[in-house]
Amino acid sequence: SRFSRIAGTGSYLPPKRLTNQDLVDQLAQRGVETSDEWIVERTGIRARHFAEPDVPSSALGTQAALQAIEAAGITAADIDLVICATSTPDLVFPSTACHIQRNLGIAGCAAFDVQAVCSGFLYALTVADAMIRSGSARRALVIGAEVFSRLLNFDDRTTCVLFGDGAGAVVLEASDTPGIVSTCLHADGQHIGILNVPGNVSGGEILGDATLKMDGQAVFKLAVNVLDKAAHEVLDKAGRDASCIDWLIPHQANLRIMQGTARKLKLSSDKVIVTVDQHGNTSAASVPLALDHGVRTGQIRRGQTLLLEGVGGGFTWGAALIDF
Ligand code: ACO
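Residues numbered from 1 in each chain as written. Predicted model: local features only at pLDDT ≥ 70, side-chain atom pairs only at ≥ 80, totals over all residues. Heavy atoms only, no water.

**Points about the domain arrangement of the protein chain**
Then step 1. Domain parsing of the protein chain yields domain 1 (3-176) and domain 2 (181-323).
Then step 2. The distance between the C-alpha centroids of domain 1 and domain 2 comes to 14 Å.
Then step 3. With both chains or domains summed, domain 1 and domain 2 bury close to 3,600 Å², and 61% of this area falls on carbon and sulfur atoms.
Then step 4. Interface area lost by domain 1 to domain 2 is led by Cys118, Leu122 and Tyr123, which between them contribute 17%.
Then step 5. Across the domain 1-domain 2 interface, the total number found is zero salt bridges.
Then step 6. Counting every contact that joins domain 1 to domain 2 gives 25 residue pairs in polar contact (both at pLDDT 80 or more).
Then step 7. Going through the elements one at a time, β1 (3-12), α2 (36-43), β3 (47-49), α3 (57-72), α5 (120-133), β6 (139-147) and β7 (165-175) are the ones with two or more residues in the side of domain 1 that touches domain 2. (Domains from an automatic or database assignment. Buried area = accessible area lost by both parts, 1.4 Å probe. Salt bridge = Lys/Arg side-chain N within 4 Å of Asp/Glu carboxyl O. Polar contact = N/O pair within 3.5 Å; in protein donor to acceptor, adjacent residues only side chain to side chain. Helix = DSSP H or I, 4+ residues; strand = E, 2+ residues; numbered from the N terminus.)

**A word on the side chain of Ser58**
Then step 1. Along the chain, the position of Ser58 falls in helix α3.
Then step 2. Of note is the side chain of Ser58, whose polar atom sits 2.5 Å from the side chain of Asp90.
Then step 3. Apart from residues lying up to four places away in sequence, Ser58 is in contact with Asp90, Thr96, His99, Ile100 and Asn103. (Contact = heavy atoms within 4.5 Å.)

**Examining the sheet that holds strand β15 (residues 316-323)**
Hydrogen bonds between backbone atoms are what pair the strands of a sheet, whose relative direction is either parallel or antiparallel.
Then step 1. Strand order in this open sheet of four strands is β8-β15-β14-β13, and the pairing throughout is mixed. Among the strands making up the open sheet, the edge pair consists of β8 (180-187) and β13 (247-250). The average undirected angle you get between the axes of adjacent strands in this sheet is 10°.
Then step 2. In this sheet, β15 lies alongside strand β14 (residues 305-312) in antiparallel orientation, the contact comprising eight bridges. Note on β15: the bridge partner recorded for Leu308 is Ala320.
Then step 3. Set on the sheet, helix α10 (residues 286-296) makes contact with β13 and β14; between it and β13 the angle comes to about 150°. (Pairing = 2+ DSSP bridges. Axes fitted to C-alpha atoms, helices over the stretch in contact; angles between N-to-C directions.)

**Structural notes on the site of the ligand**
Then step 1. Around the ligand, the structure places 26 residues, and the nearest of them are Thr34, Arg42, Cys118, Gln217 and Asn254.
Then step 2. Within the backbone of Arg157, an N or O atom sits 2.8 Å from a nitrogen atom of the ligand.
Then step 3. Side-chain polar atom of Asn254 to an oxygen atom of the ligand: 2.4 Å apart, as the coordinates give it.
Then step 4. Burial of the ligand by the protein amounts to 75% of the accessible area it has alone, namely 1,000 Å². (Near = heavy atom within 4 Å. Areas by Shrake-Rupley, 256 points an atom, 1.4 Å probe, with all protein chains shown as cover.)

**What about the pairing of β15?**
Then step 1. Burial analysis of β15 places seven of its eight residues in the buried class, which makes it a mostly covered element.
Then step 2. Note: β8 against β15, seven bridges, orientation antiparallel. What sits directly across from Leu185, in β15, is Gly318.
Then step 3. Between β14 and β15, which pair antiparallel and follow one another directly, the connecting turn spans three residues, one of which, Gly314, has a positive phi of 145°. (Buried < 20%, exposed > 50% of the residue type's maximum accessible area, 1.4 Å probe, protein only.)

**Brief notes about the packing of helix α7 (residues 216-238) against helix α8 (residues 255-264)**
Then step 1. Across the interface, α7 lies against α8 with an axial gap of 9 Å and an inter-helix angle of 35°. Of the two possible hands of crossing, α7 and α8 adopt the one that is right-handed. Contacts between α7 and α8 involve Phe220, Ala223, Val224, Leu227 and Asp228 on the former and, on the latter, Arg256, Ile257, Thr261 and Lys264.
Then step 2. For the contact of α7 with α8, the per-class residue count stands at five nonpolar, one polar and three charged. (Left-handed = near helix turned anticlockwise from the far one by under 90°. Nonpolar A, V, L, I, M, F, W, Y, C, P; charged D, E, K, R; others polar.)

**Thoughts on the packing of aromatic side chains**
Then step 1. What the rule picks out here adds up to three aromatic pairs.
Then step 2. Taking the centre distance of 6.5 Å and the plane angle of 50° together, the rings of Phe315 and Trp317 count as tilted. Of the two residues examined, Phe315 and Trp317, each falls in the buried class.
Then step 3. Against the face of Phe324 rests Arg302, its NZ or CZ located 4.0 Å from the ring centre. (Phe/Tyr/Trp six-rings, centres within 6.5 Å; stacked < 30°, edge-to-face > 60°. Lys NZ or Arg CZ within 6 Å of the ring centre and 35° of its normal.)

**Points about α7**
Then step 1. For α7, spanning 23 residues, the distance from its first C-alpha to its last is 33 Å, which sits close to the expected 33 Å at 1.5 Å a residue.
Then step 2. Residues of α7 that are buried include every one of Val219, Leu222, Ala223, Val224, Val226, Leu227, Asp228, Ala230, Ala231, Val234 and Leu235, and no others.
Then step 3. Considering only its buried residues, α7 is in contact with β8, β9 (195-196), β12 (213-214), α8, β14 and β15.
Then step 4. Looking one or two residues beyond α7, the residue adopting positive phi is Gly239, at roughly 65°. (Expected span 1.5 Å × (residues − 1).)

**Some thoughts on unusual backbone geometry**
Then step 1. Put simply, Phe93 and Pro94 share a cis peptide bond, and its omega is -5°.
Then step 2. For Pro94, the position within the fold is in the loop between β4 (81-85) and α4 (96-103).
Then step 3. Following Pro178, the chain continues to Gly179 via a peptide bond in cis, the omega torsion being 20°.
Then step 4. For Gly179, the position within the fold is in the loop between β7 and β8.
Then step 5. A positive phi angle is found at Val117, which is not glycine, with a value near 50°.
Then step 6. Mapping Val117 onto the fold places it in the loop between β5 (110-114) and α5.
Then step 7. Here Val117 falls in the buried class, since its relative accessible area comes to 17%.
Then step 8. Look at Lys266: it is not a glycine, yet its phi comes out positive at around 55°.
Then step 9. Inspection of the secondary structure puts Lys266 in the loop between α8 and α9 (276-279).

See the structure below:
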């Protein structure tokens with residue numbers, strides 16, 4: 001039988017870094033009151049990166065992709081599938097994946113975007129895994145790239161302190177052994193209202209309000225619940241229990257959600273890869289950014305077992321159990 005495995009990882013953060021205090025000072029000029037203490041205590045976030053206004057998701061995604069390609073020991077020409085998870089595409093169309101494909105100087109292979117907000121990378125990885133298993137691809141580039149700073153309303157302190165920009169990527173390749181052991185994806189469109197950007201383009205104008213809206217407490221409650229279910233689902237599919245997990249790599253939205261998830265799995269908090277403190281919530285980029293961070297700091301090593309988890313607007317959620 002045929003499986004897929006992660007051959008290399010990469011990531012990229014735009015250079016402009018804002019600490020909580022930088023943001024507090026900027027918001028104060030607009031009359032919006034917040035504090036480093038509030039942000040750290042409620043979320044664990046201490047800093048985030050923002051891309052310059054003329055830098056699109058594809059530019060961040062291309063840098064992450066180049067690193068992943070190098071880490072995999074291949075060249076861009078070896079890639080035969082490009083999937084980009086993003087909710088902040090460069091354009092309405094063509095896809096951000098097509099922009100990245102062009103930036104990499106490759107042509108001919110399939111390239112498309114997946115939109116599942118903060119679960120986007122889990123969705124993209126699962127689709128790439130399925131395409132490799134079915135034989136329709138051999139080496140997939142799977143990217144999460146976001147510029148969520150563009151969606152923020154800086155007069156809304158309940159959301160604008162939470163997000164950041166960045167990109168992460170993996171090269172997934174065909175393998176005789178797993179690799180990706182098991183995955184699950186879910187959505188429940190009944191919860192569209194608790195986390196959304198209620199805008200679109202029409203007749204050359206923006207229709208509605210194109211900034212992020214969130215009922216934080218409703219999201220929090222749903223997130224902890226579905227992340228626990230997803231973890232057990234992929235473990236059950238693999239016939240394993242949580243003791244096999246060397247590293248939990250959850251979506252990086254809020255440290256309290258991440259700790260709650262680890263606690264429910266009876267995993268100690270030092271088995272959780274944490275980047276939310278330095279990146280904020282980078283939506284679809286957060287899981288591959290955290291994965292690459294863990295790899296490059298030497299925390300994550302070959303032969304270890306990883307549990308990746310995503311949750312976000314939709315509501316969408318998913319998980320992947322991986323023998324790295
Ligand atoms: N600075 C200071 N005070 C603030 C701020 C701020 N930035 N934001 C809110 N407050 C105030 C509120 O106004 C409220 O004041 P009040 O009690 O006088 O009304 C108080 O702080 C408490 O607000 P809550 O919303 O109850 O705070 P909570 O503890 O729930 O924390 C948070 C809010 C951090 C948003 C939390 O609910 C959360 O993390 N939710 C999950 C969010 C999440 O994971 N989102 C990502 C999903 S992924 C995706 O798809 C994008």
